[in-house]
Amino acid sequence: MYLATTGRRDAPPRPAGARRRVPGTVLVLGTVSLVTDVSSEMVTAVLPLYLVLGLGLSPLQFGLLDGLTTGATALVRLLGGVGADRGGRHKQVAGLGYALSACSRLGLLLAGGATGWIAGALAVDRLGKGVRTAPRDALITLHSPPEDLGRAFGTHRAMDTTGALLGPLAAFALLWATAETYETVFAVSFCVGAFGVLVWLLLVPGRPRDPGRPRDDRDTRPKAPAAPRARGGLLAVPRSPAYRRIVLCAALLGAATVGDSFLYLLLQRRLDLDTAWFPFLPLGAAAVYLLLAVPAGRLADRIGRRRPLLYGHGALLLAYGLLLAPVPGAAALVGVLVLLGVFYAATDGVLMALTGPFLTGGRQAGGLAVVQTAQALARLGAAVAFGAVWTASGPETALVAALLALAAALACAARLLPAGPTREGSST
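Residues numbered from 1 in each chain as written. Predicted model: local features only at pLDDT ≥ 70, side-chain atom pairs only at ≥ 80, totals over all residues. Heavy atoms only, no water.

1. Section: the packing of aromatic side chains
- Within this structure, the stated rule accounts for 6 aromatic pairs.
- Summarising the aromatic geometry, the rings of Phe-262 and Phe-386 are spaced 5.0 Å apart at their centres and angled 55° between planes, so their arrangement reads as tilted. With a gap of 124 residues between them, Phe-262 in helix α8 (residues 260-271) and Phe-386 in helix α12 (residues 364-393) connect regions that are remote in the sequence.
- Exposure remark for Phe-386: the relative accessible area of 4% places this residue in the buried category.
- Seen from their ring centres, Phe-262 and Trp-390 are 6.0 Å apart, and the 50° between their planes marks the pair as tilted. Note that Phe-262 is positioned in helix α8 and Trp-390 in helix α12, a separation of 128 residues in sequence.
- In this structure an aromatic cluster arises from ring pairing among Phe-262, Phe-386 and Trp-390. (Phe/Tyr/Trp six-rings, centres within 6.5 Å; stacked < 30°, edge-to-face > 60°. Helix = DSSP H or I, 4+ residues; strand = E, 2+ residues; numbered from the N terminus. Buried < 20%, exposed > 50% of the residue type's maximum accessible area, 1.4 Å probe, protein only.)

2. What about the side chain of Thr-257?
- Here Thr-257 shows up in the loop between α7 (241-254) and α8.
- Here the side chain of Thr-257 touches Leu-253 through a polar contact of 2.7 Å, landing on its backbone oxygen.
- Excluding residues that lie within four positions of it along the chain, Thr-257 makes contacts with His-313, Leu-316, Tyr-320, Phe-343, Arg-379 and Ala-382. (Polar contact = N/O pair within 3.5 Å; in protein donor to acceptor, adjacent residues only side chain to side chain. Contact = heavy atoms within 4.5 Å.)

3. A closer look at the packing of α8 against helix α11 (residues 329-355)
- Relative orientation of the contacting elements α8 and α11 amounts to 170°, with a least axis distance of 10 Å. For the element pair α8 / α11, the angle class is roughly antiparallel. Side by side, α8 and α11 meet where Asp-260, Leu-263, Tyr-264, Leu-267, Arg-270 and Leu-271 of the first sit next to Gly-329, Ala-332, Leu-333, Val-336, Leu-337, Leu-340 and Tyr-344 of the second.
- Here the residues of the contact of α8 with α11 sort into 10 nonpolar, 1 polar and 2 charged. (Axes fitted to C-alpha atoms, helices over the stretch in contact; angles between N-to-C directions. Parallel < 35°, antiparallel > 145°, perpendicular 65-115°, else oblique. Nonpolar A, V, L, I, M, F, W, Y, C, P; charged D, E, K, R; others polar.)

4. Quick notes on the confidence of the model for the protein chain
- When pLDDT is averaged along the protein chain, the result is 81; 79% of the residues meet or exceed 70.
- Predicted confidence is poor over residues 1-18, with pLDDT under 50, and the contacts of this stretch with residues over four places away or in other chains come to 32 contacts.
- In this model residues 209-228 is a low-confidence stretch, pLDDT under 50, and it forms 28 contacts with partners more than four residues away in sequence or in other chains. (pLDDT = per-residue confidence, 0-100.)

Below, the structure written as structure tokens:
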């Protein structure tokens, strides 16, 4: 029988007909992520236009600026995860990350077009995202029954993606209403981000509720004690064989994952799409992700999280193939955006849900941070390699190489990934 490491081992079984609810804490975390993503994506959507068209930076300068700040995020995840575990301060560490991101919008507003200050503000934003991600996902793990982690992460990711959809729409509406005054976008983004920090401080609990016991507002029994506090550094992160296989597979699959921007550029080239429509391509994939995140999480809880994770990367493999296939441009556009949405719905939260039950008490944030960092660094390397092959041999050659690499990574992951628990109680 499967014994959860994230909740009580002696928790009574849930009645077969009992209605499963997403924990209230997960809904609060999703609300904060929704608000924060509105704030973040407002800036992300207009930043290329602001820097390249407004300030005159070259695309190479913008690419270097974005790449440097993104690369730093991956390593900061480790510090945020381990720091949250060592002190049992998941709320405090993640809250610091949200506050840093909110303050970065104020930095953009006060930069006045100075490239150095803009670079600093972007770095602060990425640092904030890196610090908060693992402690926030650890809170989802700690406040959810292990058998429902897929649904919990799916609900959170759906709310997060809602913010990612609303942010660009709000930004372009503000630009239209203010005759392209970028400072207005930055000011509104700061206010929205500050509201998200306020919701975090007021509504996110500092102690995890026992996930093995349904919430009852009339229950006057003492709350569950805080999660165990981890000691030691990064090397103390759990090293069970199943956990190590997950880290390895996350890195292998990440190393064969081409960045979304490259796929959107390939679509733009194939369809000869007007550049004015280019910023809206990510919204199509995000809409599919939003619709499928919760169903994918619930499916993962029922059949095990290994298969949806593999199926999601299979959808990405089909997207690569569709870009190479001689199909009409409109079919390629719709198909690639749908497959990208399926890929994220079946992999993003599902990977965290697969990892969570293999982490011992007090190591949740650090363990999740290692998986996220391995995946992020591998994807960064994949982007560099794809860009190099594109430059040297053309986009078709680069895409064929990516397709073959992903097929090989999928074959390895299919043999290495542990299945994890299901609602029926099976495990590996």
